[in-house]
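What follows is each chain in one-letter form.
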Amino acid sequence: MTAIRNILFVMCDQLRWDHMTCAGHPYLRTANMDALARRGVRFTQAYVQSGICGPSRMSAYTGRYVSSHGATHNRVPLSIGEVTLGWHLRESGRTLALAGKTHVIPDARGMRRLDLDGHNELAVLLREGWFEVVDRHDGHHSEPHNAYAAWLRARGYDSPDPWTDYVIAVDTPDGPRSGWKMRNVRHPARVREEHSETAYTTDQAIAFMDGQADNPWVLHLSYVKPHWPYVAPAPYHAMYGPEDCLPVRRHEAERGPDAHPVLREWLNEEVARSFQQDEAIATVRPAYQGLIQQLDDHLGRVWAAMERLGRWHDTLVVFTADHGDYLGDHWLGEKELFHDCVQRVPFLLYDPSPEADATRGTADDRFVEMIDVVPTILDALALDPSRHVVEGRSLLPLTRGIAPSWRDAVFSELDWTFRGARRRLGLPTGHHHAWMVRTARWKYIHWGGGLRPQLFDLASDPDEFFDRGADPSLEPVRVDMRARLLRWFEGLKRRTTITLEEAEFRTDAHKRAGVFYGEW
């Protein structure tokens, strides 16, 4: 039996690991993130399985690496055959509620193949990745027919598309302007703070918790911020200035003549060229921090609701992000590549069990991966760990002071088929992938298609400025890291339709089944 009855799984979008006070940011005031860290454990070395929203989230929702679940990029559907957290919970009679973003794309072809493209309950659950939607708002493009848009119109935002015209638009002395133009994010959003995406999503989550009475629940509270468009409502748009931001980490060597060909083409992407301007960095970074400050303030509302409802004693809380943001580091913008400012994320875990009392307020430097979310939740609720499917590991032994043998490397993947960089390198549409293995000292990146690898010595070059992927003296290191990558790849769980116990029962069982081949 376990004392944990409820799960609150909080995910931010594009929140860097180093943008919390408890992680050492000298200017941000993330009092509520810090309060959660004091209640639980802050895992300082947490990494995503892809530096892109969609595949990273699918790894968080399945507990499986990207090469296993196959949803390799945004807009690539998760196969109808993949098992998600919502299904694991449903098998035990529970449901997985959603307030916010998921990036789940329906496997339309798979649903048609199984005649599940109607509007019955099963079809709806499959389209949502087995989430039961309290409210869904992905916040990347116009969604004029969703609940948030209707809610805004009811509050006086008179527009067919209030998200575009108010939420991500700004008021300037010269009139309204689009927040898609990053130069405008120094101005406040046209929407009132209490009607912003962060406030609205928080309202939905608190209403859901209020409505559960004493019923056990699992809620994914998934914020769309501080993801672009980097538009913050007043007063958050002006809370920080350029002098309150971390220094940009970049080096001329990164764009020199020996730059890796993929990095060289990424530097030519429009978003990278924009963030190579000091003015863009000085404009966007303060707005980004304002969005984080707003997030933190609304997390305070969630924590207060849990206190009011008496839920701190029986609710496991996971707080993380789906990836980070370059913000001009390495001469880049956005995300996707393998630098730590993208791959490394905040990860706070509050375990209410008395067994976790000794680790409260501690920082744990062991490697954590996004695939650990599902097995941690299943472990907390004493459910079937589904070892034949799930590739992550429960983190509860770490919160409870148990010292199991632990991983010494983390892995991430990139499908870069969809980037203009691929075309500029003259590569046809097809399968273009890269894989990263990171240990405490080394980061090795294998690029498919005959491109040379990358290698970074994190001991002497923690900022990842100097690519040693072509250094002859480090060939033994590259051979070892490539072998690590192969061993990891060999261990992925491809046979998911039978359990390990069923596999054991079927081993060498042909005579028991009445089959006697090979006898003399």
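Residues numbered from 1 in each chain as written. Predicted model: local features only at pLDDT ≥ 70, side-chain atom pairs only at ≥ 80, totals over all residues. Heavy atoms only, no water.

Caption draft 1: Structural detail: the nonpolar core. Counting residues in each nonpolar core, the largest one holds 98 residues, and the members touching the most others are Leu8, Met209, Leu219, Tyr230, Trp303, Phe319 and Phe347. Per-element accounting of this core gives the leading share, 12 residues, to helix α12 (residues 278–309). Ranked by size, the runner-up nonpolar core spans 25 residues in total, among them Ala272, Cys341, Leu414 and Phe456. (Core = buried A, V, L, I, M, F, W, Y, C linked by side-chain atoms within 4.5 Å. Buried < 20%, exposed > 50% of the residue type's maximum accessible area, 1.4 Å probe, protein only. Helix = DSSP H or I, 4+ residues; strand = E, 2+ residues; numbered from the N terminus.)

Caption draft 2: Structural detail: the state of the cysteines. Summed over all chains, the structure comprises zero disulfides. Counting only cysteine sulfurs, cysteine 12 is the nearest neighbor of cysteine 53, a cysteine outside any disulfide, at a range of 12 Å. Cysteine 245 provides the cysteine sulfur closest to cysteine 341, a residue in no disulfide bond, and the two sulfurs are 15 Å apart. Of the residues examined, cysteine 341 reaches a relative accessible area of 7% and is grouped as buried. (Disulfide = S-S within 2.5 Å.)

Caption draft 3: Spotlight on the pattern of salt bridges. Following the criterion strictly, the structure yields 47 salt bridges and no others. Linking arginine 311 and aspartate 314 is a salt bridge whose minimum nitrogen-to-oxygen distance equals 2.7 Å. Overall, the relative accessible area of 8% leaves arginine 311 in the buried class. Several salt bridges converge on common partners, so that one network encompasses Arg264, Glu265, Glu269, Glu336, Arg419 and Arg424. (Salt bridge = Lys/Arg side-chain N within 4 Å of Asp/Glu carboxyl O.)

Caption draft 4: Inspection of helix α2 (residues 53–62) at higher detail. Of all the 10 residues making up α2, 10 are buried; the element is thus mostly covered by neighbouring parts of the structure. Within the sequence span of α2, burial applies to Cys53, Gly54, Pro55, Ser56, Arg57, Met58, Ser59, Ala60, Tyr61 and Thr62. Those residues of α2 that are buried are in contact with β1 (6–13), α3 (66–69), α4 (85–91), β7 (218–226) and α14 (373–380). Taken from the residues just after α2, glycine 63 is the one with a positive phi, measuring 75 degrees. (Contact = heavy atoms within 4.5 Å.)

Caption draft 5: A look at the side chain of histidine 323. Among the secondary structure elements, histidine 323 is positioned in the loop between β8 (315–321) and α13 (340–343). Of the polar contacts made by the side chain of histidine 323, one reaches the side chain of aspartate 322; its length is 3.4 Å. Setting aside residues up to four positions removed in sequence, histidine 323 forms contacts with Asp13, Gln14, Leu15, Val48, Gly51, Ile52, Cys53, Lys335, Val342 and Val345. (Polar contact = N/O pair within 3.5 Å; in protein donor to acceptor, adjacent residues only side chain to side chain.)

Caption draft 6: Just the environment of aspartate 171, in detail. Relative to the helices and strands, aspartate 171 is located in strand β5 (residues 169–172). The spacing of aspartate 171 and histidine 187 is 16 residues in sequence and 6.3 Å in space, taken between C-alpha atoms. For aspartate 171, the contacting residues outside a window of four places in its chain are Pro176, His187, Pro188 and Arg190. A distance of 3.2 Å separates the side chain of aspartate 171 from the side chain of arginine 190, its partner in a polar contact.

Caption draft 7: Inspection of the pairing of β8 at higher detail. The element β8 is extensively covered by neighbouring structure, given that seven of its seven residues are classed as buried. Burial along β8 is two-sided: Thr315, Val317, Phe319 and Ala321 and Leu316, Val318 and Thr320, pointing in opposite directions, are all buried. Note that β1 and β8 share seven bridges and pair parallel. Residue valine 10 lies in a different strand from β8, and its bridge partner there is phenylalanine 319. In terms of strand pairing, β8 meets strand β10 (residues 347–350) through four bridges, oriented antiparallel. Residue pairing across strands places threonine 320 opposite phenylalanine 347, the latter belonging to β10. (Pairing = 2+ DSSP bridges.)

Caption draft 8: Geometry of unusual backbone geometry. Proline 229 follows tryptophan 228 through a cis peptide bond whose omega is -10 degrees. Structurally, proline 229 can be placed in the loop between β7 and α10 (261–266). Note the cis peptide between alanine 234 and proline 235, where omega equals 5 degrees. Its location among the elements puts proline 235 in the loop between β7 and α10. Even without being glycine, tryptophan 331 reaches a positive phi, approximately 65 degrees. Along the polypeptide, tryptophan 331 turns up in the loop between β8 and α13. On the accessibility criterion, tryptophan 331 (6% relative accessible area) is buried. Phi is positive for alanine 382, which is not a glycine, with a value near 55 degrees. By secondary structure assignment, the location of alanine 382 is in the loop between α14 and α15 (396–399). Residue alanine 382 is classed as exposed on the basis of its relative accessible area of 56%.

Take it as geometry only, folks, not as evidence of what the structure does.
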